[in-house]
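# Survey of secondary and tertiary structure
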Protein chains: 2
Amino acid sequence: MNSEIKIELTEHSKINSVDFDNLPFGSVFSDHMFVCDFKDGQWQNPTVKPYSPITLDPSAKIFHYGQSIFEGMKAYKDADNNVMLFRPLDNCKRLNKSAERMVIPQIPEELFMAGLKKLLEIDNAWIPTNDGSSLYIRPFMFASGNGFHASPANEYKLIIATAPSGAYFAGKVKVLIEEKYARAANGGVGFAKAGGNYAAQFYPTQLAIEKGYNQVIWTDDNTHEYIEEAGAMNIFVRINDTLITSPTSDRILDGITRKSILQIAKDTGIDVEERKITVSEVIAAAQNGSLKEMFGAGTAAVVSPIAGFGYQNKDYDLPELEKPFAAKLKKQITDIQTNKAEDPYGWRVML
Amino acid sequence: MNSEIKIELTEHSKINSVDFDNLPFGSVFSDHMFVCDFKDGQWQNPTVKPYSPITLDPSAKIFHYGQSIFEGMKAYKDADNNVMLFRPLDNCKRLNKSAERMVIPQIPEELFMAGLKKLLEIDNAWIPTNDGSSLYIRPFMFASGNGFHASPANEYKLIIATAPSGAYFAGKVKVLIEEKYARAANGGVGFAKAGGNYAAQFYPTQLAIEKGYNQVIWTDDNTHEYIEEAGAMNIFVRINDTLITSPTSDRILDGITRKSILQIAKDTGIDVEERKITVSEVIAAAQNGSLKEMFGAGTAAVVSPIAGFGYQNKDYDLPELEKPFAAKLKKQITDIQTNKAEDPYGWRVML
């Protein structure tokens, strides 16, 4: 493997056309991207080059068999223009875990990190400094090899592209606890960030949106009795003063924000339980007033408070608390991410 | 919708480079393809053009969220050079059923059929006449719209490409009945020909191949007690003289070969049952000698006899019959497909 990164700079930066005070999420793309090809049994030709179209044969397996995975990461800039990542190796390790399940070749960590760092160095000016904004980083890998045969491809591409982004959700979210559709099978690929997991959620999510909700909270496909995750985020439930989240499994994504929140909560004296959560206990807690909070946690969503949820054609509102766990934990994790607080965990990586 | 089909012919036909006596499956592509774009809320610009690369933005949702579906069809030529399709509208209807579940806009049947017919007219010379060969047709639709946001795209492409092809499997197949991994969730997308369903099968299939099997027979994700399908084909089991196949469900593909075989079998006096099949009854039947045959059925696989299966680290061989149902049914269906027999069902469509 030749890991020397080739650099091709753009001759037409788009940065002056970007309104950094009004950034959408994930739809304005930076000048460059990192690309690496897997062929002849090895990763090769790592290059930072202008963000530009990808050309593929119509029989490329990505179009037919959904052999693709991705990650979501963020880069932050502090007041002194230092650039920081948050637990980036964890994303690389999870990318490789997804790769293994989807029979995509794993990317060496050093190559991934070298490409990412070189890209951020070149597109440093694209990392927003506005509060609540960050550079969303999207590493993805897909089957670029050809053939109408349902088997793994022989060629792949890793691309890291970036998008300066504002908040994923505008304000609190309303969720629907799913009773009919399911996101993942036992023994399936729910734990992987596989492309197909996301498209599979669009239809039930669209039905939920038509009913006035923002997201679906998935339940197990067999009984619909256990709360799993929300597709774009893991879910935390606070009953009285205990914060509960479902254990990860082969159906539930091992969220990096999820595990960071769990750690921070424990270390600041919050009573934390990682265990199965039944829908019925959440309903009972909502009814007897012990359900204080629910929130989602994920790289894009950060910590997203849930205003209320629907279940069996009934809506349940969550109380407005003066000092919710969600706000406290969100501040703690973003302060670490953006170098506004000490990082006792070694999660922050300065570039 | 403008459904007038634009034609752009290739200036460099590749047909003379093809060895029609030694065709692989799905890896030699014909000169042209049919392309239609969905944008601004409608299907537009239907064109038959040279088979050529597709260019997409790196943020195109196909790369990230697996929003793609496909179909498999075949065109046949008889001794008089008549061109025939088999139940093509059923493929179009199933494509649209998959589209609905994956939030991809449905394609009008007339447009689909007009594009397909025009393509086959132009690439008529690519339809093989050799016994056992046919023109494999791959219609597929995918999200070409952009953005790092897990939501349906606003633009899509439908492409129909074709590949003159020989047999999908060389000879009988050995299958492994799966005990750990699963293909589909209840309430999931297993019934759809969604791209992500296929990549999700690669890893368990690879493990099976390493153990000496060709394919996995999927079981339900909850108990692994019920036989479902084989990913590339539906499964039939013959116990004594009764032919049994699992009912379709939201986990099992409604195979066109499957339902045709069911119909032909019934009409030729074979005792047919469409009901849940337990792994334990198959094992018991293998042990007491009443398990006579197993075979797969699908467009690519046609009717593929199974030589034996593995389960819980034990191999079960199927007997060599003199007049297996599989051979009889395969002949009946291919005779209808290739105009060697009467078609009492109206399945064959002459172009």
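Residues numbered from 1 in each chain as written. Chains lettered and ligands numbered in written order. Predicted model: local features only at pLDDT ≥ 70, side-chain atom pairs only at ≥ 80, totals over all residues. Heavy atoms only, no water.

Within an unreviewed UniProt entry, the label attached to chain A reads Branched-chain-amino-acid aminotransferase, and the organism entered is Polaribacter marinus. Here chain A is described in UniProt, under the heading Cofactor (unreviewed entry), as follows: "pyridoxal 5'-phosphate". Looking at chain A in UniProt, the text filed under Sequence similarities (unreviewed entry) is "Belongs to the class-IV pyridoxal-phosphate-dependent aminotransferase family." (UniProt positions renumbered as here; feature names shortened; annotations may be inferred.)

This brings us to the overall build of chain A. Looking only at helices and strands, chain A features 7 helices and 20 strands. In terms of overall size, chain A behaves like a compact globule, its C-alpha atoms giving a radius of gyration of 21 Å where 351 residues would be expected to give roughly 20 Å. Here chain A holds 351 residues, and 61% of them are scored as buried. In chain A, the share of contacts with a sequence separation of at least 24, taken over all contacts with a separation of at least 6, comes to 72%. Accessible surface computed for chain A: about 13,400 Å², of which carbon and sulfur atoms make up 45%. (Helix = DSSP H or I, 4+ residues; strand = E, 2+ residues; numbered from the N terminus. Rg over C-alpha atoms; globule rule 2.2 N^0.38 Å. Buried < 20%, exposed > 50% of the residue type's maximum accessible area, 1.4 Å probe, protein only. Contact = heavy atoms within 4.5 Å. Areas by Shrake-Rupley, 256 points an atom, 1.4 Å probe, with all protein chains shown as cover.)

Let's shift gears to the interface of chain B and chain A. Contact residues are listed per partner, giving 58 residues for chain B and 58 residues for chain A. The largest contributions to the chain B side of the interface with chain A come from B:F63, B:F148 and B:F202, which together make up 16% of the buried area. Linking chain B with chain A are 0 salt bridges, by the criterion used here. Put simply, the parts of the chain that give the side of chain B that touches chain A at least two residues each are strand 4 (54–56), helix 1 (61–65), strand 5 (68–70), helix 2 (88–101), strand 8 (134–143), strand 9 (156–165) and helix 4 (195–210) of chain B. (Buried area = accessible area lost by both parts, 1.4 Å probe. Salt bridge = Lys/Arg side-chain N within 4 Å of Asp/Glu carboxyl O.)

Between chain B and chain A, which share one sequence, the superposing operator has a rotation angle of 180 degrees and an axial displacement of 0.0 Å; the RMSD is 0.0 Å. Such a combination of turn and shift is consistent with a two-fold rotation axis. Most of the interface of chain B is mirrored in chain A: 100% of its interface residues are interface residues there too. (Least-squares fit on C-alpha atoms with pLDDT ≥ 70 in both.)

The sites that UniProt annotates as "modified residue: N6-(pyridoxal phosphate)lysine" (unreviewed entry) are A:K193. Look past the residues within four positions of A:K193 in its chain and what remains in contact with it is A:S68, A:I69, A:F70, A:E71, A:G72, A:R94, A:S98, A:Y198 and A:L253.

Bringing the pairing of strand 7 (residues 83–86) of chain A into the picture now. All names here are of chain A. On strand 7, burial covers both faces: V83 and L85 on one face and M84 and F86 on the other are all buried. Across 3 bridges, strand 6 (residues 73–77) lies against strand 7 in antiparallel orientation. Looking at strand 7, one finds that K77 is bridged to V83. Examined bridge by bridge, strand 7 and strand 20 (residues 348–350) share 3 bridges and lie antiparallel to one another. Each bridged residue has a counterpart across the sheet, and for M84 the counterpart in strand 20 is M350. (Pairing = 2+ DSSP bridges.)

With that settled, the discussion passes to helix 4 (residues 195–210) of chain A. Residues and elements named next belong to chain A. A rise of 1.5 Å per residue sets the reference length of helix 4, with its 16 residues, at 22 Å; its end C-alpha atoms lie 24 Å apart and thus fit the reference within 8%. Of all the 16 residues making up helix 4, 12 are buried; the element is thus mostly covered by neighbouring parts of the structure. By the burial criterion, the buried members of helix 4 are G195, G196, N197, Y198, A199, A200, Q201, F202, Y203, P204, T205 and A208. Taken from the residues just after helix 4, G212 is the one with a positive phi, measuring 100 degrees. (Expected span 1.5 Å × (residues − 1).)

Evaluation of the coordinates by the stated rule reveals 40 aromatic pairs over all chains. When the ring of A:F38 is compared with that of A:W43, the centres are 5.3 Å apart and the planes differ by 70 degrees; the resulting orientation is edge-to-face. The same class applies to A:F38 and to A:W43, which are both buried. Both rings, one in A:F142 and one in B:F63, keep their centres 4.5 Å apart while their planes meet at 35 degrees; by these two values the pair is tilted. With A:F142 in strand 8 (residues 134–143) and B:F63 in helix 1, this residue pair bridges two chains. Of the aromatic side chains, those joined through ring pairs into one cluster are A:F25, A:F29, A:Y51, A:Y136, A:Y168, A:F169 and B:F148. The aromatic ring of B:Y213 is capped on one face by B:K174, whose charged end is 4.9 Å from the ring centroid. Taking the ring centre of B:F325 as reference, the NZ or CZ of B:R238 above it sits at 3.7 Å. (Phe/Tyr/Trp six-rings, centres within 6.5 Å; stacked < 30°, edge-to-face > 60°. Lys NZ or Arg CZ within 6 Å of the ring centre and 35° of its normal.)

Residue and element names in this part refer to chain A. With respect to burial, strand 17 (residues 291–298) is a largely interior element, 7 of its 8 residues being buried. Taken together, the 4 bridges between strand 17 and strand 18 (residues 302–311) define a ladder with antiparallel strand orientation. Directly across from G296, in strand 18, lies its bridge partner S304. The hairpin formed by strand 17 and strand 18 contains 3 residues between the paired strands.

To continue, consider the pattern of salt bridges. All names here are of chain A. In this structure the tally under the stated criterion is 36 salt bridges over all chains. Close ionic contact of E320 with K172 constitutes a salt bridge, the shortest N to O distance being 3.6 Å. Taken as a pair, E320 in the loop between strand 19 (314–317) and helix 7 (325–337) and K172 in the loop between strand 9 (156–165) and strand 10 (173–177) lie far apart in primary sequence, 148 residues in all. For E320, a relative accessible area of 68% translates into the label exposed. In this structure K172 comes out as partly exposed when scored by relative accessible area, which is 40%. Note that E281 and R275 form a salt bridge whose closest N and O atoms lie 2.9 Å from each other. We classify E281 as partly exposed; its relative accessible area is 23%. Residue class for R275 comes out partly exposed when judged on its relative accessible area of 28%. Salt bridges sharing partners connect three or more residues here, namely R87, D90 and K259.

Residues and elements named next belong to chain A. Counted by the stated rule, this structure contains 0 disulfides over all chains. For the unlinked cysteine C92, the closest cysteine sulfur is that of C36, found at 12 Å. With a relative accessible area of 0%, C92 lands in the buried category. (Disulfide = S-S within 2.5 Å.)

Residue and element names in this part refer to chain B. Compared with the 18 Å implied by 1.5 Å per residue over 13 residues, the 18 Å span of helix 7 (residues 325–337) between its first and last C-alpha is a close match. All of the buried residues in helix 7 are F325, A326, L329, I333, D335, I336 and Q337. Directly after helix 7, the chain includes N339, whose backbone phi takes a positive value near 65 degrees.

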